[in-house]
Amino acid sequence: MVRNLNHDTFLVIRYVKRRLTVLIDIDGKHEWRDCIDVPGVHLPRGYYFGTSSVTGDLSDNHDIISLKLYQLTVERTPEEEKKDREVYLPVVDNLKLPGSE
């Protein structure tokens, strides 16, 4: 869907209160479309996100032009703070990850 276009494509990844959402703009219309929305995602603190434009077979050429990273300030209850500190491995509610047994 993003091959050989005459305009840039954009992706937004947002993680707020254990919900991971991805929005895309691949039509060049500056309009965001939902790509994925996964509730119940528990990510540990102290990790980093990484990006790569490598496709694996060298059949495509993708350029990452820029990244904009923001830390959101979200009010949490003391119970939510405690639960966030207890996450040591990434996990998604009601979903088994390969090799997590």
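- The name given to the chain in an unreviewed UniProt entry is LMA2L protein, and the organism recorded there is Turnix velox.
- Within the UniProt record for the chain, the comment given under Subcellular location (unreviewed entry) is "Membrane".

## Remarks on the side chain of aspartate 25
1) Next: Mapped onto the elements, aspartate 25 comes out in strand β2 (residues 19–25).
2) Next: The charged side chain of aspartate 25 is buried without a salt bridge, its nearest counter-charge being arginine 33 at 7.4 Å.
3) Next: Among the polar contacts made by the side chain of aspartate 25, one reaches the main-chain amide nitrogen of glycine 28 at a distance of 3.4 Å.
4) Next: Beyond its immediate stretch of four places on either side in the chain, aspartate 25 contacts Asp8, Thr9, Phe10, His30, Glu31 and Trp32.

## Some details on the sheet that holds β2
1) Next: Read across the sheet, three strands follow the order β1-β2-β3 without closing on themselves; strand pairing throughout is antiparallel. Because the sheet does not close on itself, it has two edges, and the strands there are β1 (10–16) and β3 (33–39). Taken over all neighbouring pairs, the strand axes of this sheet differ in orientation by 10° on average, direction set aside.
2) Next: As paired elements, β1 and β2 share seven bridges and run antiparallel to each other. Pairing of isoleucine 13 across the sheet is with valine 22, part of β2.

Calculation notes
Residues numbered from 1 in each chain as written. Predicted model: local features only at pLDDT ≥ 70, side-chain atom pairs only at ≥ 80, totals over all residues. Heavy atoms only, no water. UniProt positions renumbered as here; feature names shortened; annotations may be inferred. Helix = DSSP H or I, 4+ residues; strand = E, 2+ residues; numbered from the N terminus. Buried < 20%, exposed > 50% of the residue type's maximum accessible area, 1.4 Å probe, protein only. Lys, Arg positive; Asp, Glu negative; His and termini not counted. Salt bridge = Lys/Arg side-chain N within 4 Å of Asp/Glu carboxyl O. Polar contact = N/O pair within 3.5 Å; in protein donor to acceptor, adjacent residues only side chain to side chain. Contact = heavy atoms within 4.5 Å. Pairing = 2+ DSSP bridges. Axes fitted to C-alpha atoms, helices over the stretch in contact; angles between N-to-C directions.

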